[in-house]
Amino acid sequence: MKALVAVKRVVDYNVKVRVKSDHTGVELTNVKMAINPFCEIAVEEAVRLKEAGIVTEIIAVTVGPQAAQEQLRSALAVGADRAILVQTEDEAQPLAIAKILKAIVDEEQPQVILLGKQAIDGDNNQTGQMLAALGGYSQGTFASKLTFVDGKAQVMREIDGGLQTLSLTLPVVVTTDLRLNEPRYTSLPNIMKAKKKPLDIKSPADYGVSTTPTIKTIKVEPPRERQAGVIVKTVEDLVSKLKNEAKVI
Ligand code: AMP
């Protein structure tokens, strides 16, 4: 079966993001970009399914600017077979992305569709769920284990009360949580090989979808600076400060 993996280009998680001076968003100029960490886990899982002989082909997809080809090449280097960039300079939002992914699923007919549980830039946690709803597919969100038994996907999820295991019919949308796997590092030969793998460039219009934003960001503000802490010498000092200064006891 085919696997489709959705990857997003985001600010690298090691970068300390700075809010733009006009508060319209965060600074992206000259900032290191990378694959969203949860999408890296999705790619790794698809590659492991291929290595296990369950998946035969992996298609990586991103909706984003021309530069997002870099993230697709990274996915190809890890083991995806081909890639599709749906190119737009608009800031694509979850519903439009889900509609584009749905059109690609209709075309490619993958049985397993892997996404990250959330993109670390917008923290939306919406795209996978919207895609499953649009297509009427089963969904296993926040997956910490994925197996295939008797033609069904078994997804283990970490929920408040413990672990929940779902048995889901295919095609299935799976969104990845941190504990699903630990992504591998890519080797130089694989990075070189990835340059030759097919990468199609499409536009949202090819799928009949408009990426004109429907959500407007009103203001972005940095979190309040934390005040420096103090080191107390004795428990009595601590209790006195909590009582008289912080007034929390
Ligand atoms: P979000 O709903 O924005 O938190 O994103 C959840 C997941 O949806 C991401 O981890 C990706 O797998 C997928 N996704 C979000 N935005 C894009 C995009 N622009 N291109 C491809 N996949 C995306």
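Structural notes, computed from the coordinates. Please read these numbers as outputs of a predicted model, since none were measured by experiment. (Residues numbered from 1 in each chain as written. Predicted model: local features only at pLDDT ≥ 70, side-chain atom pairs only at ≥ 80, totals over all residues. Heavy atoms only, no water.)

## Quick word on unusual backbone geometry
Inference 1: The linkage connecting Leu170 with the following residue, Pro171, adopts the cis geometry, with an omega of 0°.
Inference 2: Assignment of secondary structure puts Pro171 in the loop between β9 (162–168) and β10 (172–176).
Inference 3: Unlike most non-glycine residues, Asp123 shows phi in positive territory, near 50°.
Inference 4: Inspection of the secondary structure assignment puts Asp123 in the loop between β6 (112–116) and α4 (127–135).
Inference 5: Positive phi outside glycine occurs at Asn125, with the angle close to 55°. (Helix = DSSP H or I, 4+ residues; strand = E, 2+ residues; numbered from the N terminus.)

## Concerning the site of the ligand
Inference 1: Around the ligand, the surrounding shell holds 17 residues, and the nearest of these are Ala6, Val63, Ala119, Asn125 and Thr127.
Inference 2: Summarising the interface, the protein chains cover 99% of the accessible area of the ligand, which totals 480 Å² for the free molecule.
Inference 3: Applying the majority rule of atoms within 2 Å of the grid points places the ligand in the largest cavity.
Inference 4: Elements that contribute at least two residues to the shell around the ligand include exactly β4 (57–64) and β6. (Near = heavy atom within 4 Å. Areas by Shrake-Rupley, 256 points an atom, 1.4 Å probe, with all protein chains shown as cover. 1 Å grid on protein atoms, 1.4 Å probe; cavity = no way out; pocket = protein on both sides within 12 Å on 5 of 7 lines; lining within 4 Å. Sits in = over half its atoms within 2 Å of the grid points.)

## So, the nonpolar core
Inference 1: Membership of the largest hydrophobic core comes to 36 residues, with the highest contact counts inside it found for Val5, Leu114 and Leu146.
Inference 2: In terms of residue count, helix α1 (residues 37–51) provides more of this core than any other element does, eight residues in total.
Inference 3: Beyond its immediate chain neighbours, meaning those up to four positions away, Val5 contacts Ala42, Val43, Ala46, Ile58, Ile59, Ala60, Val61 and Leu114.
Inference 4: Residues Leu4, Ile97, Ala103 and Ile104 belong to the second largest nonpolar core, which totals 24 residues. (Core = buried A, V, L, I, M, F, W, Y, C linked by side-chain atoms within 4.5 Å. Buried < 20%, exposed > 50% of the residue type's maximum accessible area, 1.4 Å probe, protein only. Contact = heavy atoms within 4.5 Å.)

## Section: the layout of surface pockets
Inference 1: The space that makes up the largest pocket amounts to roughly 1300 Å³.
Inference 2: Forming the walls of the largest pocket are 40 residues, and the residues nearest its centre are Val26, Leu28, Glu91, Asp121 and Gly122.
Inference 3: When residues of the lining of the largest pocket are traced back to their parent elements, those giving at least two are β2 (9–11), β4 and α3 (94–108).
Inference 4: By residue number, the principal contributor to the lining of the largest pocket is β2, which donates three residues. (Points joined across faces, edges and corners; volume = space filled by probe spheres on them.)

## Observations concerning α4
Inference 1: For α4, the full list of buried residues reads Thr127, Gly128, Leu131 and Ala132. Considered in projection along α4, the buried side chains sweep an arc of 135° and stay on one side of the axis.
Inference 2: Buried residues along α4 sit in contact with α3, β6, β7 (138–149) and β10.
Inference 3: Just past α4, the residue Gly136 takes up positive phi, approximately 70°. (Arc of directions from axis to C-beta.)

## Some thoughts on a nonpolar patch on the surface
Inference 1: Taken together, the side chains of Val235, Val239, Val248 and Ile249 make up a nonpolar region of the molecular surface, amounting to roughly 380 Å² of accessible area.
Inference 2: Looking at the element boundaries, Val248 is found in the segment after α6 (235–244). (Patch = residues over 30% accessible without salt bridge, like charges linked within 9 Å, V, L, I, M, F, W, Y side chains within 5 Å. Salt bridge = Lys/Arg side-chain N within 4 Å of Asp/Glu carboxyl O.)

## As for the pattern of salt bridges
Pairing is possible between side chains of opposite charge, provided their charged atoms come close.
Inference 1: This model, assessed by the stated rule, comprises 14 salt bridges.
Inference 2: With its nearest N and O atoms 2.8 Å apart, the salt bridge here joins Glu108 to Lys2. With Glu108 in helix α3 and Lys2 in strand β1 (residues 2–6), this residue pair connects regions lying 106 residues apart in the sequence.
Inference 3: What makes Glu108 buried here is its relative accessible area of 12%.

All we've got here are geometric facts, nothing functional implied.
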